[in-house]
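Coordinates in review
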Amino acid sequence: MTRLAVVGATGAVGSVMLEQLRERSFPAEEIVAFASARSAGRELDGGLVVQGLTDEAIHGFDLAIFSAGAAASREWAPRFARAGTVVVDNSSAWRMHDDVPLVVSEVNPYDLAWHDGIVANPNCSTMQMVVALKPLHDTAGIERLVVSTYQSVSGTGMKAIDELRRQARAVLDGEPLGEPRVYAHPIAFNVLPHAGSFADGDDHTDEERKLMSETRKILGDDAIRVSATCVRVPVFFGHSEAVNVQTRRPLEPGEARDLLAAAPGVTVLDDPASGLYPIATAAAAVNAPPGQHAPNASARRGRAAAATIDATDA
Ligand SMILES: NC(=O)c1ccc[n+]([C@@H]2O[C@H](COP(=O)([O-])OP(=O)(O)OC[C@H]3O[C@@H](n4cnc5c(N)ncnc54)[C@H](OP(=O)(O)O)[C@@H]3O)[C@@H](O)[C@H]2O)c1
């Protein structure tokens, strides 16, 4: 019997987590929804009543799934862990800590063996990409990746979903857009080469840095070179990516396609002339379980393949 805490239950990710737990009939004796003190007492779809985090409230859980931002994870994940709970954290707070495994279930489940109370999962664009890269890396070794993302606003949370909806309505109604609140520029009918934020002196965003470092950690190979450009597009749900893969050993396109088709969590959609390729709305609308991805491997030359990957980012 499992007692499960969902921390960040009112958020874009937390609400999908609760939905998925319900849909999959997750075998928990009790699920408790936590969010900030602002939401304490609020009743969620499905009837759970949100609780605020307190030292008394966090005892007696087997598992806590965190999706409440890095600051809340830094503060509360160690407290849950000290109380004997295994924390699975969705934020960036613990991902690159040497004593915290960064795990994607289809890629490196064996890293769960060495956790010490906290298990991290990666940034959304990294997570969907490594599922497709794993079989290619195991077979031919990845030398270099050139990644361009087309990321939906859902990755920035509820406030960004609201901003796209509000701005799109204003544009269509011929109303003034008002000042952007979430992004540096309007996102409606626009493309922003600015997913995440720029640290002082760095021309890459933190989102691009995460894609580089987290990919190496999950695949267990610091030698993989990664070039990343992360772009925010006016799509509500579903990140797309174009990934150019250079392998260490020759890999024929047909072999790459077969490897992808056989990989857990991967669906190959590859008949472009007939309009069959991954698209964000289809990946999100089918309500695919997390980890179900749709790469489209199309051949380039002997040692390189291009793949587009679509997945629901939550
Ligand atoms: N790995 C992935 O695939 C992936 C994808 C997207 C996002 N994320 C990460 O998941 C996290 C949440 O993202 P989101 O898009 O769901 O954000 P969001 O829609 O803004 O939701 C944030 C959630 O955290 C709660 N929260 C905020 N501060 C808190 C605090 N001090 N104590 C307790 N709860 C607090 C909020 O509660 P209130 O409603 O009460 O404010 C809300 O439930 C972020 O760290 C984000 O980077 C991961």
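**A word on the domain arrangement of the protein chain**
- For the protein chain, the assigned domains read domain 1 (3–93) and domain 2 (126–311).
- Domain 1 and domain 2 are separated by 27 Å when their C-alpha centres are compared.
- Taken residue by residue, the interface counts 4 residues in domain 1 and 7 residues in domain 2.
- Its residues placed into classes, the side of domain 1 that touches domain 2 shows 1 nonpolar, 3 polar and no charged.

**Here we look at helix 2 (residues 70–82)**
- Its 13 residues place the ends of helix 2 18 Å apart at the C-alpha level, agreeing with the 18 Å of an ideal helix rising 1.5 Å per residue.
- For helix 2, the principal kink sits at W76 and spans about 30 degrees; a proline, P78, occurs within the next four residues.
- Among the residues of helix 2, A72, S73, W76, A77 and F80 are the ones counted as buried.
- The positive-phi residue at the C-terminal boundary of helix 2 is G84, with phi of around 95 degrees.

**A closer look at the packing of helix 3 (residues 124–140) against helix 6 (residues 253–262)**
- Packing of helix 3 against helix 6 brings their axes to within 9 Å, and their N-to-C directions diverge by 125 degrees. Judged by the inter-axis angle, helix 3 sits oblique to helix 6. Remark: the crossing between helix 3 and helix 6 carries right-handed chirality. Contacts between helix 3 and helix 6 pair A132, P135, L136 and T139 from the former with A256, L259 and L260 from the latter.
- Looking at side-chain class alone, the contact of helix 3 with helix 6 contains 6 nonpolar, 1 polar and no charged residues.

**Details of the nonpolar core**
- Core analysis: the largest hydrophobic core is formed by 61 residues, its most contacted members being V6, V7 and F34.
- Considering each element in turn, this core owes the most residues, 9 residues, to helix 3.
- There are two domains that each give this core at least three residues, and those are domain 1 (3–93) and domain 2 (126–311).
- Once residues lying within four places of it in the same chain are set aside, the contact partners of V7 are F34, A64, I65, F66, S67, A68, A72 and W76.

**Looking at the sheet that holds strand 4 (residues 63–66)**
- Taken in spatial order, the 6 strands line up as 3-2-1-4-5-6 in an open sheet, and their pairing is parallel. Where the open sheet ends on each side, the last strands, each with one partner, are strand 3 (51–52) and strand 6 (118–120).
- Where strand 1 (residues 3–7) lies against strand 2 (residues 30–35), 5 bridges are found, and the strand directions are parallel. Within the sheet, the bridge partner assigned to R3 lies in strand 2 and is E30.
- Of the strands in this sheet, strand 1, strand 2 and strand 4 touch helix 1 (residues 12–23), which is tilted by about 150 degrees from strand 1.
- Across the sheet, helix 2 touches strand 1, strand 4, strand 5 (86–89) and strand 6, and the angle it forms with strand 5 is around 155 degrees.

About the cut-offs
- Residues numbered from 1 in each chain as written.
- Predicted model: local features only at pLDDT ≥ 70, side-chain atom pairs only at ≥ 80, totals over all residues.
- Domains from an automatic or database assignment.
- Contact = placed C-beta atoms within 7 Å.
- Nonpolar A, V, L, I, M, F, W, Y, C, P; charged D, E, K, R; others polar.
- Helix = DSSP H or I, 4+ residues; strand = E, 2+ residues; numbered from the N terminus.
- Expected span 1.5 Å × (residues − 1).
- Bend = angle between axes of the 7 residues up to and from the residue.
- Buried ≥ 20, exposed ≤ 12 C-beta atoms within 10 Å, placed from the backbone.
- Axes fitted to C-alpha atoms, helices over the stretch in contact; angles between N-to-C directions.
- Parallel < 35°, antiparallel > 145°, perpendicular 65-115°, else oblique.
- Left-handed = near helix turned anticlockwise from the far one by under 90°.
- Core = buried A, V, L, I, M, F, W, Y, C linked by C-beta atoms within 7 Å.
- Pairing = 2+ DSSP bridges.

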